[in-house]
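Observations on the model geometry
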Amino acid sequence: MSPRSHNLVFLGPPGAGKGTQAARWALRHGLAHISTGDLLRENLKDQTSVGMMAQDFMDRGVLVPDDVVCQMVRDRLEHQDTEPGFILDGFPRTVGQADALARDLARRHRPLTRVVSFAVREEDLVVRLAGRLTCGRCGRVFHQKSNAPKAQGVCDDCDGELFSRSDDSEETVLARLATYREETAPLLSWYRDRDLLTDIDASQSIEAVEGALERALECQ
Ligand code: ADP
Ligand code: ADP
Ligand code: ZN
């Protein structure tokens, strides 16, 4: 399949499979995969000023302030690897972020081509997040049951150790779902009104979601 130039947003609640699908789609189509959650966790690991200020928000399952996240994305979009196109995974998460992004991209003459909404029922999200395993070395994501690594506790790609994110605890997951409903869900109609939104049934298997994504984006 030929690579396609797309500037995409993957939008959806925590655990919907945005990161899993973004990693696969970016690899297949030569796009940059930009996850604000991953960028923030790297900042945390490196103890940067952004990481230190973000930590408390992330631990509580609430959003890091818009100006911090928007500046981080602005810097990341300067990298050359975004030129063939990019997938924003987990950004924007507020109408303020969406607005700032639209203005930045207009200035760069690289508007969004599509926003994909990943829909999954809340009960299923809780199960997905409770079993999520993340590689401490390369960031690849697995699931204890639905997407198990070949060897227990070890990443298939880099042999790194797998861990459960501290914000995937039940209490923080409930806070993150509430944050999603209140602050991020309004973006669905915001993007629908701008004719950019495509809905995907993300409750299916990883392969079936990938197929749905393929069909949804192929005629773009
Ligand atoms: P998000 O980036 O939207 O928070 P992830 O891609 O990290 O979601 O996926 C959350 C968890 O659900 C991970 O453990 C992942 O392996 C698993 N997962 C992802 N997609 C599916 C799917 N279609 N069916 C079942 N489990 C999935
Ligand atoms: P998930 O994969 O479950 O959707 P992420 O890894 O994207 O979670 O995000 C983890 C945490 O990082 C969020 O709970 C939030 O505190 C912070 N975060 C990530 N992206 C953003 C964003 N666009 N705006 C504000 N905070 C963010
Ligand atoms: Zn790994």
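Before any of the text, the structure's been laid out above.
Model, not experiment: these values are computed from the prediction. (Residues numbered from 1 in each chain as written. Chains lettered and ligands numbered in written order. Predicted model: local features only at pLDDT ≥ 70, side-chain atom pairs only at ≥ 80, totals over all residues. Heavy atoms only, no water.)

1. Let's talk about the packing of helix α4 (residues 66-77) against helix α5 (residues 95-107)
Relative orientation of the contacting elements α4 and α5 amounts to 30°, with a least axis distance of 10 Å. Comparing the axis directions of α4 and α5 gives the class roughly parallel. The two elements α4 and α5 meet at a crossing, and its hand is right-handed. For the pair formed by α4 and α5, the contact residues are Asp66, Val69, Cys70, Arg74 and Leu77 on the first element and Gly96, Gln97, Ala100, Leu101, Asp104 and Leu105 on the second. In terms of residue class, the contact of α4 with α5 is made up of 6 nonpolar, 2 polar and 3 charged. (Axes fitted to C-alpha atoms, helices over the stretch in contact; angles between N-to-C directions. Helix = DSSP H or I, 4+ residues; strand = E, 2+ residues; numbered from the N terminus. Parallel < 35°, antiparallel > 145°, perpendicular 65-115°, else oblique. Left-handed = near helix turned anticlockwise from the far one by under 90°. Contact = heavy atoms within 4.5 Å. Nonpolar A, V, L, I, M, F, W, Y, C, P; charged D, E, K, R; others polar.)

2. Some remarks on the environment of lysine 18
Considering the arrangement of structural elements, one finds lysine 18 in helix α1 (residues 18-29). Taking relative accessible area as the criterion, lysine 18 reaches 8% and is therefore assigned buried. Counting along the chain gives 51 residues from lysine 18 to valine 69, while the straight-line C-alpha distance between them is 18 Å. Aside from chain neighbours lying at most four places away, what touches lysine 18 is Phe10, Leu11, Gly12, Pro13, Asp89, Gly90 and Phe118. (Buried < 20%, exposed > 50% of the residue type's maximum accessible area, 1.4 Å probe, protein only.)

3. Things to note about the coordination of the zinc ion (ligand 3)
The zinc ion (ligand 3) binds to the protein through Cys135 (SG), Cys138 (SG), Cys155 (SG) and Cys158 (SG); the donor distances cover 2.2 to 2.4 Å. Sequence positions of the donors to the zinc ion (ligand 3) reduce to the motif C-x2-C-x16-C-x2-C. (Donors = N, O, S within 2.8 Å, 3.2 Å for Na, K, Ca; no water.)

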